[in-house]
Amino acid sequence: MKTLVASFFDPSSATFSHVVYSAHGSECAIIDPVLRYDAISGRTSTAGADEIIDFVRAHALNVEWLLETHAHADHLSAAAYLRRELGGRVAISAQICEVQRFFREVYDLERGFVCDGSQFDHLFAADESFSIGPLTAQALHVPGHTPADIAYRVGDDAVFVGDTLFMPDVGTARCDFPGGDAGMLYRSIRRLLDLPAETRLYLCHDYPATDRDVCSQTTVAQQRAQNIHVRDGITESAFVALRAQRDATLDLPRLMLPSIQVNIRAGSLPRPGRNGVRYLKIPLDLM
Ligand SMILES: [Fe+2]
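Since we're looking at a predicted model, the values are computed, not measured.

**Here we look at the pairing of strand 6 (residues 62-67)**
The pairing of strand 3 (residues 27-31) with strand 6 spans five bridges and is parallel. When the sheet's bridge partners are listed, Ile-31 is paired in strand 6 with Leu-67. Pairing of strand 6 with strand 8 (residues 89-93), which is carried by three bridges, proceeds in the parallel orientation. Within the sheet, the bridge partner assigned to Leu-66 lies in strand 8 and is Val-90.

Structure (structure tokens):
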């Protein structure tokens, strides 16, 4: 059974979303969909998510899953919007509860916000197996960037790596978010790189430093030979030192504060106020 993948790029957050399916008319999963957000005007846009809807309808796909690799800090999730439009179950790692507990305090969320992951339709246990129609799949627990990262392995030859690996010339995801750990990320990545050399790795982001085009896919072999942070021969301690040095230079993601409060609610926007307008919360002088 061939694993078919269609990838969509959101230029404002440099994020790839993927649709995974097996044939015209089959079941599918949508991975890491983006709800665009303009921080200056406070306007959201479903333009990118609507391209995915068009693709799903054109291929007569039946959405079984809306899969998040983690609680993203650089874009709002369109999972709730796509669920309303197309159906499907929104799923994330069971470790999301740890992320929810931390950010409930940051945002001083309402009493009714429970940190048990119940905002999602399904929480994956570490390495849980599941299916997307006839395709077998597994939710590989790959913590390090955050405690709640999953890489979705679909069929024998495709893995959606989330924020672990980037293209070989870009390296790896940062590890300085709450609950992040560079040693843990190194071990998670080595696990992915133990997969067969020809395994296709689909990325969550690409940030080319040169003028090459953005690229959504690489392979285990390419990563082992060329990744500037974790190619074969780079030890865990060398990686941890490199990551610590690099992370110390990084600003917080531009959309971190708007994003996480939505993403820990499975992409649901806050309830409207009495005037019918929805508001995001921004903690001052905290982060
Ligand atoms: Fe991330």
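**Quick notes on the packing of aromatic side chains**
Scanning the entire structure with this criterion turns up 13 aromatic pairs. For the pair Trp-65 and Phe-130, a centre-to-centre distance of 5.3 Å together with 75° between the ring planes defines the contact as edge-to-face. Highlighted residues: Trp-65 in strand 6 and Phe-130 in strand 10 (residues 128-132), separated in sequence by 65 residues. Looking at Trp-65, the relative accessible area reads 6%, which means it is buried. Arranged with centres 4.6 Å apart and planes meeting at 40°, the rings of Phe-124 and Phe-130 form a pair that is tilted. The class of Phe-124 is buried, set by a relative accessible area of 1%. Using a relative accessible area of 10% as the deciding quantity, one classes Phe-130 as buried.

**Notes on the pattern of salt bridges**
Within this structure, the stated rule accounts for 13 salt bridges. For the salt bridge of Glu-105 with Arg-104, the shortest nitrogen-to-oxygen distance reads 3.7 Å. Here Glu-105 falls in the exposed class, since its relative accessible area comes to 57%. With a closest N to O distance of 2.9 Å, Arg-224 and Asp-232 form a salt bridge. Taken together, the salt bridges that share partners define one network made up of Asp-169, Asp-206 and Arg-212.

**A short note on the layout of surface pockets**
The computed volume of the largest pocket comes to approximately 540 Å³. In this structure, the largest pocket is lined by 25 residues; those nearest its centre are Asp-74, Phe-166, Arg-174, Tyr-207 and Pro-253. Here the residues of the lining of the largest pocket sort into 11 nonpolar, seven polar and seven charged. Of the voids in this model, the second largest pocket is the one considered here, and its volume is about 460 Å³.

What counts and what doesn't
Residues numbered from 1 in each chain as written. Predicted model: local features only at pLDDT ≥ 70, side-chain atom pairs only at ≥ 80, totals over all residues. Heavy atoms only, no water. Pairing = 2+ DSSP bridges. Helix = DSSP H or I, 4+ residues; strand = E, 2+ residues; numbered from the N terminus. Phe/Tyr/Trp six-rings, centres within 6.5 Å; stacked < 30°, edge-to-face > 60°. Buried < 20%, exposed > 50% of the residue type's maximum accessible area, 1.4 Å probe, protein only. Salt bridge = Lys/Arg side-chain N within 4 Å of Asp/Glu carboxyl O. 1 Å grid on protein atoms, 1.4 Å probe; cavity = no way out; pocket = protein on both sides within 12 Å on 5 of 7 lines; lining within 4 Å. Points joined across faces, edges and corners; volume = space filled by probe spheres on them. Nonpolar A, V, L, I, M, F, W, Y, C, P; charged D, E, K, R; others polar.

Everything listed here is a matter of geometry and, on its own, says nothing about what the molecule does.
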